[in-house]
Amino acid sequence: MVDQKGQPVNEIGFQQAMLHSCLWKKQVKLKLAPPKERPVANQNLWYTVYCCAKQFFLPTIHAQEFEGNADIQLTTVERLENARPQVLITPEEVKEYLKQESGIERLKEMFTKKSDSEHSDDVDVIIQLTRNSGFAVFLLTSLLGGNAARERFVEKNKHKVYATRFQAFRAYNDAIVFGSLRFGLKWGIKSAFFTGLFMTTAQMISVYRNKSSFVEYTAAGAITCALLRMTVGLRGMFAGAVIGSALGLVGGGCFCAIMYATDNTQQQRHYSTIEQMLRANRESQQLSSRETVTSG
């Protein structure tokens, strides 16, 4: 498109100028020529690419809608008054508290429930390990017990004649199921009792000393095996203590290696617990003093 002088004219700009002049003079609603659209196939392709990118690459933000403008209406002074005080606990304060407490106090705190009726972290570890070991041993020994019960049933009833095929299969299945359950429960309960006694003894010694090492596991293995061999006399108890101390030394070394590798030793856990307790006490004191000053 060219003008009277032969110079090219922008079509879109010309159409926009004509539209504005018509609307201004005659108040006639005109429409520009629709822009060149993409084909439907290209639109579907780009929409598919966008959906895939949104699903797998773009992050999804879950935010709650803002209701009300109470925080906006607050002044800076009111926000500072309602803000939670920032408390800093120095390592010297934590070390001073650790020097004043005793091993008996740590043991009492270990078996004391929290305010929300939950056990301490040490007791939770003991419960979880006891439950998991008992369940794992039950599954393994129930399979072994089922195989042994099947062989025993076949050997015992190979010359027995049943009235029907259904009765034979029923007796065969009952023998396998009850045999596996009986054997699995027997060793599962034994394993859970041994693990619970071993871990309770080791954790109590570790909490009393406030230190994680192979010493408490060695002593726990000796004490646990000696108590389990109590029915066979002093010689059996002594032999059980020797074997248990050797097994506890090996298992304790593995436990300590895992704890030191994950920074989850007894002294680190207790240090963080004391730090959180001191911070909570300091914050409650500051809040109570602030309320006293405000009310006064």
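About the cut-offs
- Residues numbered from 1 in each chain as written.
- Predicted model: local features only at pLDDT ≥ 70, side-chain atom pairs only at ≥ 80, totals over all residues.
- Heavy atoms only, no water.
- Axes fitted to C-alpha atoms, helices over the stretch in contact; angles between N-to-C directions.
- Helix = DSSP H or I, 4+ residues; strand = E, 2+ residues; numbered from the N terminus.
- Parallel < 35°, antiparallel > 145°, perpendicular 65-115°, else oblique.
- Left-handed = near helix turned anticlockwise from the far one by under 90°.
- Contact = heavy atoms within 4.5 Å.
- Nonpolar A, V, L, I, M, F, W, Y, C, P; charged D, E, K, R; others polar.
- Buried < 20%, exposed > 50% of the residue type's maximum accessible area, 1.4 Å probe, protein only.
- Polar contact = N/O pair within 3.5 Å; in protein donor to acceptor, adjacent residues only side chain to side chain.
- Phe/Tyr/Trp six-rings, centres within 6.5 Å; stacked < 30°, edge-to-face > 60°.

Participant: Please provide a residue-by-residue account of the packing of helix H8 (residues 165-209) against helix H9 (residues 214-228), values included.
Facilitator: Closest axis-to-axis distance for the H8/H9 pair is 8 Å, and the angle between their directions is 140°. Between H8 and H9, the angle falls in the class oblique. Crossing hand, H8 versus H9: right-handed. Contacts between H8 and H9 involve Phe193, Phe194, Leu197, Phe198, Thr201, Ala202, Ile205, Ser206 and Arg209 on the former and, on the latter, Val215, Glu216, Tyr217, Ala219, Ala220, Gly221, Ile223, Thr224, Cys225, Leu227 and Leu228. Split by residue class, the contact of H8 with H9 holds 14 nonpolar, four polar and two charged.

Participant: Quick one: what's the story with the side chain of His270, residue by residue and with numbers?
Facilitator: Relative to the helices and strands, His270 resides in helix H11 (residues 266-295). According to the relative accessible area criterion, His270 is buried, its value standing at 7%. Other than its neighbours up to four places away in sequence, His270 contacts Leu98, Glu101, Arg106, Glu109 and Asn210.

Participant: I'd like a rundown of the side chain of Ser213, residues and numbers included.
Facilitator: Structurally, Ser213 can be placed in the loop between H8 and H9. At 3.2 Å, the side chain of Ser213 forms a polar contact with the side chain of Arg209.

Participant: Describe in detail the packing of aromatic side chains, supporting the description with residues and values.
Facilitator: Summed over all chains, the structure comprises five aromatic pairs. Ring centres of Phe198 and Tyr217 lie 6.2 Å apart, and the angle between their planes is 40°; on these two criteria the pair is classed as tilted. Pair noted here: Phe198 is in helix H8 and Tyr217 is in helix H9, with a separation of 19 residues, a long-range link. Look at Tyr217 and you get buried, because its relative accessible area is 5%. For the pair Tyr217 and Phe255, a centre-to-centre distance of 5.3 Å together with 10° between the ring planes defines the contact as stacked. Here Tyr217, found in helix H9, pairs with Phe255, found in helix H10 (residues 234-261); they are 38 residues apart in sequence, far enough to count as distant. By relative accessible area, Phe255 is classed as partly exposed at 33%.

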